[in-house]
Amino acid sequence: APQLLSWRPTAFERRLVRDAVRAALRVAGGPSSLRRVESLRRRAHTSAALPELRLRAERSTDESLRLTPTQSDPYRYTRAGGVGLSFEAQLTWRLDRLLFAMEELSIERLRAERHRDLSGLVERVVKTVVSWQRARLEADDPLLTPEQRASLLLDAFQAEALLDVMTGGWFGAAIDAEEAQSAKTTNRSTSRAVPLRPSP
């Protein structure tokens, strides 16, 4: 399409991609989830400074027969017994956890999975912005049939709707604001000849 051959990204369009990625990461809870994972790692190490406390109580009984002969009863036995209580407390410090805690393996896997998910989200946002850009540029080709133009407009709308959902409404608001600003500007650059939303 002629529009694609002459098109060059403007400062607004490059900023649009960056801001869309930031908005999508914010909606997905990217920064906060990474902070939570890092907090888990710190707590695993900090736990080494706190001892493990073990308490134990024990009750014992003792009964025995003792031969205590007397002149009148040389075979006299007496019964002796008692009850004993004992308490035990034990504090254990695991200082090796200051260097390495077994929980770190699971935490690192969790961190890697979260980074992978967020990287995939960034890639989807960038690809969708490119698809949106391509569809709106191609839809402006005057040689297209009405059916072809309608199909491209639907593609552009689908990409925009997806971006709007991923960014929590930010993308649509950004396009609305840019179009309102462009409508007030009389001197537009050549790359701005194609509106952000092609009219049907």
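Residues numbered from 1 in each chain as written. Predicted model: local features only at pLDDT ≥ 70, side-chain atom pairs only at ≥ 80, totals over all residues. Heavy atoms only, no water.

**Side note on the overall build of the chain**
Item 1. Helix and strand counts for the chain stand at 6 helices and 2 strands.
Item 2. Of the regular secondary structure in the chain, the N- to C-terminal order runs α-α-α-β-β-α-α-α.
Item 3. When burial is assessed residue by residue, the chain has 26% of its 200 residues classed as buried.
Item 4. Within the chain, contacts between residues separated by at least 24 positions form 72% of all contacts whose residues are at least 6 apart in sequence.
Item 5. Split by element, the accessible area of the chain, about 14100 Å² in all, is 57% carbon and sulfur. (Helix = DSSP H or I, 4+ residues; strand = E, 2+ residues; numbered from the N terminus. Buried < 20%, exposed > 50% of the residue type's maximum accessible area, 1.4 Å probe, protein only. Contact = heavy atoms within 4.5 Å. Areas by Shrake-Rupley, 256 points an atom, 1.4 Å probe, with all protein chains shown as cover.)

**Things to note about the packing of helix α4 (residues 103-138) against helix α5 (residues 146-166)**
Item 1. Where α4 contacts α5, the axes come no closer than 8 Å and their chain directions differ by 150°. With respect to α5, the axis of α4 lies roughly antiparallel. Considering how the two elements wind past one another, α4 and α5 form a crossing that is left-handed. Between α4 and α5, the contacting residues are Leu121, Arg124, Val125, Thr128, Val129, Ser131, Trp132, Ala135, Arg136 and Glu138 on the first element and Leu152, Asp155, Ala156, Ala159, Glu160, Leu162, Leu163 and Met166 on the second.
Item 2. Residues that form the contact of α4 with α5 fall into these classes: 11 nonpolar, 2 polar and 5 charged. (Axes fitted to C-alpha atoms, helices over the stretch in contact; angles between N-to-C directions. Parallel < 35°, antiparallel > 145°, perpendicular 65-115°, else oblique. Left-handed = near helix turned anticlockwise from the far one by under 90°. Nonpolar A, V, L, I, M, F, W, Y, C, P; charged D, E, K, R; others polar.)

**A word on α5**
Item 1. Taking 1.5 Å per residue, 21 residues should reach 30 Å; α5 reaches 30 Å between its end C-alpha atoms and fits that length.
Item 2. Buried within α5 are the following residues: Leu152, Leu153, Ala156, Ala159, Glu160, Leu163 and Met166. Angularly, the buried residues of α5 cover 155° about the axis, an arc narrow enough to put them on a single face. In α5, those exposed residues whose orientation departs by more than 90 degrees from the buried face are Pro146, Glu147, Leu154, Phe157, Gln158 and Val165.
Item 3. Those residues of α5 that are buried are in contact with α2 (11-27), α4 and α6 (170-184).
Item 4. Immediately downstream of α5, the backbone of Gly168 shows phi near 65°, a positive value. (Expected span 1.5 Å × (residues − 1). Arc of directions from axis to C-beta.)

**Looking at the side chain of Arg114**
Item 1. Mapped onto the elements of the fold, Arg114 is located in helix α4.
Item 2. One buried charged side chain, Arg114, makes no salt bridge at all; its nearest oppositely charged neighbour is Asp117, positioned 4.4 Å away. (Lys, Arg positive; Asp, Glu negative; His and termini not counted. Salt bridge = Lys/Arg side-chain N within 4 Å of Asp/Glu carboxyl O.)

**Some remarks on the nonpolar core**
Within soluble globular proteins, side chains that are nonpolar generally end up buried alongside one another.
Item 1. Counting 17 residues, the largest nonpolar core has Leu16, Val125, Val129, Trp132, Leu163, Phe171 and Ile175 as the members making the most contacts within it.
Item 2. When residues no more than four places from it in sequence are discounted, the contact partners of Leu163 are Val125, Thr128, Val129, Trp132 and Phe171. (Core = buried A, V, L, I, M, F, W, Y, C linked by side-chain atoms within 4.5 Å.)

**Here's the deal with the packing of aromatic side chains**
Item 1. Inspection of the entire model under this criterion finds 2 aromatic pairs.
Item 2. Pairing Trp132 with Phe171 gives two aromatic rings, centres 5.3 Å apart and planes at 85°, and the pair type is edge-to-face. Pair noted here: Trp132 is in helix α4 and Phe171 is in helix α6, with a separation of 39 residues, a long-range link. We note that Trp132, like Phe171, is buried.
Item 3. The interplanar angle of 55° and the centroid separation of 6.4 Å between the aromatic rings of Trp170 and Phe171 together place this pair among those described as tilted.
Item 4. Note on Trp170: relative accessible area 24%, which makes it partly exposed.
Item 5. Residue classification places Phe171 among the buried residues on the basis of a relative accessible area of 0%. (Phe/Tyr/Trp six-rings, centres within 6.5 Å; stacked < 30°, edge-to-face > 60°.)

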